[in-house]
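# Structure assessment
Chain by chain, the residues:
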2 protein chains.
Amino acid sequence: MSWFDVADSGLSGAGEVTLLSRDDVRKCLTNLDPVDIVRETLADHDRGLGLLPAEAYLRWENSRGAYTRSIGMPGAVRSAYGMKIINASVSNPARGLERAGGIGLCFDAETARITTIMEAGLLSAVRTAAVSAAGVDALGYGEAVSLAVVGCGAQGRMHAALLTERLPSLRNVALYDRSPEAARALAGALPGVSVRICPTAREAVSSAGIAVFTTTMDEGYAEPDWAAPGALLINVSLGDLTDTTFRDAAAVYVDDVDLVADNPRRPLGRLMAEGVFGRPGSEGPARPLDGTLGGVLTGRHRTPGVASPYVVLNPFGMGVLDVALYAAVSARARAEGLGTVVHLGS
Amino acid sequence: MSWFDVADSGLSGAGEVTLLSRDDVRKCLTNLDPVDIVRETLADHDRGLGLLPAEAYLRWENSRGAYTRSIGMPGAVRSAYGMKIINASVSNPARGLERAGGIGLCFDAETARITTIMEAGLLSAVRTAAVSAAGVDALGYGEAVSLAVVGCGAQGRMHAALLTERLPSLRNVALYDRSPEAARALAGALPGVSVRICPTAREAVSSAGIAVFTTTMDEGYAEPDWAAPGALLINVSLGDLTDTTFRDAAAVYVDDVDLVADNPRRPLGRLMAEGVFGRPGSEGPARPLDGTLGGVLTGRHRTPGVASPYVVLNPFGMGVLDVALYAAVSARARAEGLGTVVHLGS
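What comes next is a walk through the structure.

Rules behind the numbers
Residues numbered from 1 in each chain as written. Chains lettered and ligands numbered in written order. Predicted model: local features only at pLDDT ≥ 70, side-chain atom pairs only at ≥ 80, totals over all residues. Heavy atoms only, no water. Pairing = 2+ DSSP bridges. Helix = DSSP H or I, 4+ residues; strand = E, 2+ residues; numbered from the N terminus. Least-squares fit on C-alpha atoms with pLDDT ≥ 70 in both. Contact = heavy atoms within 4.5 Å. Polar contact = N/O pair within 3.5 Å; in protein donor to acceptor, adjacent residues only side chain to side chain. Buried area = accessible area lost by both parts, 1.4 Å probe. Salt bridge = Lys/Arg side-chain N within 4 Å of Asp/Glu carboxyl O. Nonpolar A, V, L, I, M, F, W, Y, C, P; charged D, E, K, R; others polar. Axes fitted to C-alpha atoms, helices over the stretch in contact; angles between N-to-C directions. Parallel < 35°, antiparallel > 145°, perpendicular 65-115°, else oblique. Left-handed = near helix turned anticlockwise from the far one by under 90°. Expected span 1.5 Å × (residues − 1). Buried < 20%, exposed > 50% of the residue type's maximum accessible area, 1.4 Å probe, protein only. Phe/Tyr/Trp six-rings, centres within 6.5 Å; stacked < 30°, edge-to-face > 60°. Lys NZ or Arg CZ within 6 Å of the ring centre and 35° of its normal.

### With respect to the sheet that holds strand β18 (residues 291–292) of chain B
All names here are of chain B. Across the sheet, eight strands lie side by side as β10-β9-β8-β11-β13-β19-β15-β18; this open sheet has parallel pairing. Every interior strand has two partners, whereas the edge strands, β10 (194–197) and β18, have only one. Where strand β9 (residues 172–176) lies against β10, four bridges are found, and the strand directions are parallel. By the bridge assignment for β10, Ala-174 is matched with Arg-196.

So, in structure tokens, the structure goes:
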């Protein structure tokens, strides 16, 4: 008997946890509407019903000198409590791995015990696309006929699939990727629309009512004159739009103002830090952001509708939306008996 | 085929993860010395080899109005990268549950992928006791004859068991707990020493060369005249020592100065915020802390040895120590073929 056996006899363990693989998550998703969940959570967050604490952020360089990191993002909304742990290394694609991966955790609201551990990569991509889809509706672009997707990786695929499914008016999709192969693979997978693969990002964007940027760029390159009149530009990646493109927009919307203000590593966060943009409704020399998606959904912020020259949506990514999805997936898994129960406790 | 199946075909999943239950962790621990691991990590951290970012902290009240929280604590040292997720509710004991529970994660240093998920409660208690044991050695109390343990819950049991095992000179152990039953249960489990159960905390502390406070108190009550001459008082709980007891100490040591300064909810953190204590080596009206355990181990900070009236050690809890233990446990599990491999990816 070791010293810690003596000590441990008074402890009770972590108990049972349900593990959900990506396959389990996928099965649960077939019975859920992630856009509805995201929309409700954005509105709840705007009403002050959610908790979105600062994230824990560990960064290092791996042996190739590549930026590598782990983020812990806790969040809560109504009875859903949980955390997203999403890790990434920019050298992963060169190793044949997705850049990012991780797990989602659900907590019991009463005891704080971890009840569910699920694969987080699929839901992370679903959440991001669902925010864009909710934004398209909320900002008045639900009748769009043409979509451009710049960057046909995981996020681009997810956005193209979700928006094609949800916008009945959509007829044309223009795709661009540095790798023509990635664009072709996505083109072949989109049903019911006319798909065009473009030789440049600019050409894809120039005819689109909605242009989604889902690249790996972290700097601006897309200029104001790329946009079709009245387009909605959705800036999902870290970069893409130049400072001028933000400045010349008819209106600029975000998901959470604090998230943007707290992240000067991204262009819009930097523009807030530099005093070019200010908080919605603020007075002074800074141009106020036009609002948040949650604020639009609750009626606190107005939108100009389809407006010229173009409207920008730049969500930074709210962990509380993932947590709301985890809770919905976890409830479906319980109802359908999905997942593997493991006993982590003593 | 659903829209996210279309989208998901380009994604690769989280892959394989090894799950370690508390039993697995216990088996790995029999072939490890946690005090050595903690000592090396404290020294590495002092040498600037570790990363200890700010933690993510989600707090709420459960339906009983009880303080409930989740903390995500990432950390890295040498080739060990990981995160501790430790959740707690103060109403858990009334439900027959340990107050705290959670999981520990190991990350691949190259890809940041989660490689191992383990039960974290046992290691959390082991880490805390190992810091105290390393502190006893480093501060010159390795020849102590008598030990007092105030609070005989999980942490008190772990401390009593580890210190009894590691201090060959130890002859007498005095125990106090509000619940005489908890004290009796621990008394019956300690081999090779004379154990006395005391009716008050003061009586237990008054004859002890080393007094460990492992209660659930978050306020001070132990006054300077409780301590035996030259005693080492180890403040593991949130409270216990009064402000005067900190002020009158011959020397005060911590684990990490930033952790203390950043947490004014705990007495010593508040005393730093109020300007009573300052950083080690600082000039000015504030009394400087005498050092960190890591600083003592690397020779950067001095200790007075066994000093009157008494010396205080007040570690706040460094996630990087848990991460170092996770890496060691994970390596043992691989070597011994322990744990359950699960496929979380698609």
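From this point, things continue past the structure.
### Overview of the relation of the copies chain B and chain A
Rotating chain B by 180° and moving it 0.0 Å along the rotation axis overlays it on chain A with an RMSD of 0.0 Å. On the angle and the small slide along the axis, the relation comes out as a two-fold axis. Taking the C-alpha atom as reference, chain B places Ala-56 of chain B closest to the rotation axis, 2.3 Å from it. Most of the interface of chain B is mirrored in chain A, where 100% of its interface residues are also at the interface.

### So, the side chain of Ser-169 of chain A
All names here are of chain A. Note on placement: Ser-169 falls in the loop between α5 (154–166) and β9 (172–176). Within the local environment of Ser-169, its side chain forms a polar contact with the backbone oxygen of Glu-143, the two atoms lying 3.2 Å apart. Once you skip the residues sitting within four places of it in the chain, Ser-169 turns out to touch Gly-142, Glu-143, Ala-144 and Val-145.

### Points about the interface of chain B and chain A
Facing 83 residues of chain B, the contacting portion of chain A comprises 83 residues. Note on chain B versus chain A: buried area summed over both sides is about 6600 Å², and carbon and sulfur give 68% of it. Considering only the surface of chain B that becomes buried against chain A, Trp-3, Glu-110 and Leu-344 of chain B emerge as the three largest contributors, covering 12% of it. On the surface where chain B and chain A come into contact, there are two salt bridges. The salt bridge partner of Arg-95 of chain A is Glu-110 of chain B, with a shortest N-O separation of 2.9 Å. At the surface where chain B touches chain A, the tally comes to 18 residue pairs in polar contact (both at pLDDT 80 or more). Here the side of chain B that touches chain A takes eight residues from strand β4 (residues 67–77) of chain B, the largest share from any one element. Broken down by class, the residue content of the side of chain B that touches chain A amounts to 42 nonpolar, 24 polar and 17 charged.

### Topic: the packing of helix α4 (residues 121–138) of chain A against α5 of chain A
Residue and element names in this part refer to chain A. As a packed pair, α4 and α5 sit with axes 9 Å apart at the nearest point and diverge in direction by 45°. Here α4 is positioned oblique relative to α5, judged by the angle of their axes. For the element pair α4 and α5, the recorded crossing hand is right-handed. On α5, the residues that touch Leu-122, Ser-124, Ala-125, Val-126, Thr-128, Ala-129, Ala-130, Ser-132, Ala-133 and Val-136 of α4 are Gln-155, Met-158, His-159, Leu-162, Leu-163 and Arg-166. Residues that form the contact of α4 with α5 fall into these classes: 10 nonpolar, five polar and one charged.

### Quick notes on helix α3 (residues 34–46) of chain B
All names here are of chain B. Between the first and last C-alpha of α3 there are 18 Å, a value that for 13 residues agrees with the 18 Å anticipated at 1.5 Å per step. Taken across its 13 residues, α3 has 10 buried, putting it largely inside the fold. Within α3 the residues assigned to the buried category are Pro-34, Val-35, Ile-37, Val-38, Thr-41, Leu-42, Ala-43, Asp-44, His-45 and Asp-46. The residue sitting at the N-terminus of α3 and contributing the capping side-chain oxygen is Asp-33; that oxygen lies 2.9 Å from the backbone nitrogen of Val-35.

### Comments concerning the pattern of salt bridges
All names here are of chain A. Within this structure, the stated rule accounts for 36 salt bridges over all chains. Among the ionic pairs, Asp-36 bridges to Arg-39, the shortest N-O distance being 3.2 Å. Taken together, the positions of Asp-36 and Arg-39, both in helix α3 (residues 34–46) and three residues apart, correspond to about one turn of that helix. Note that Arg-287 is salt-bridged to Asp-290, the shortest N-O span being 3.6 Å. Exposure remark for Arg-287: the relative accessible area of 23% places this residue in the partly exposed category. According to the relative accessible area criterion, Asp-290 is partly exposed, its value standing at 27%. Beyond isolated ion pairs, a larger network of salt bridges with shared partners links Asp-36, Arg-39 and Asp-137.

### Regarding the pairing of strand β15 (residues 251–254) of chain A
All names here are of chain A. Going residue by residue along β15, you find Ala-251 and Tyr-253 tucked away on one face and Val-252 and Val-254 tucked away on the opposite face as well. Where β15 meets strand β19 (residues 310–313), three bridges bridge the pair, whose relative direction is parallel. Residue Val-252 lies in a different strand from β19, and its bridge partner there is Val-312. Note that β15 and strand β18 (residues 291–292) share two bridges and pair parallel.

### A word on the packing of aromatic side chains
Evaluated as defined, the whole model comprises four aromatic pairs over all chains. Geometry around Phe-316 of chain A places Arg-266 of chain A over its ring, the cationic atom sitting 4.0 Å from the centre.

### Structural notes on the environment of Ser-91 of chain B
All names here are of chain B. Among the secondary structure elements, Ser-91 is positioned in the loop between β5 (80–89) and β6 (100–107). By relative accessible area, Ser-91 is classed as buried at 8%. A sequence separation of 24 residues divides Ser-91 from Tyr-67, and the C-alpha atoms of the two residues are 7.8 Å apart. A polar contact is formed between the side chain of Ser-91 and the side chain of Asn-62, at a distance of 2.9 Å.

### Topic: the sheet that holds strand β13 (residues 231–235) of chain A
The strand order β10-β9-β8-β11-β13-β19-β15-β18 (chain A) describes an open sheet built from eight strands, whose pairing is parallel. Single-partner strands in this sheet number two, and they are β10 (194–197) and β18 of chain A.

### What about the environment of Arg-127 of chain A?
Residue and element names in this part refer to chain A. Tracing the backbone through its elements, the reader meets Arg-127 in helix α4. For Arg-127 and Gly-82, which are 45 residues apart along the polypeptide, the C-alpha to C-alpha distance reads 15 Å. Setting aside its immediate chain neighbours within four residues, Arg-127 contacts Val-38, Lys-84, Gly-317, Met-318, Leu-321, Asp-322 and Leu-325.

### Some words on helix α12 (residues 319–336) of chain A
Between its terminal C-alpha atoms α12 of chain A stretches 26 Å, which fits the 26 Å expected from 18 residues at 1.5 Å a residue. For α12 of chain A, the set of buried residues is Gly-319, Val-320, Leu-321, Asp-322, Val-323, Ala-324, Leu-325, Tyr-326, Ala-328, Val-329, Ser-330 and Ala-333 of chain A.

### Observations concerning unusual backbone geometry
Residues and elements named next belong to chain A. The omega torsion across Ser-308 and Pro-309 is 5°, close enough to zero to call that bond cis. Relative to the helices and strands, Pro-309 is located in the loop between α11 (293–298) and β19. Look at Asp-240: it is not a glycine, yet its phi comes out positive at around 90°. Here Asp-240 lies in strand β14 (residues 240–241).

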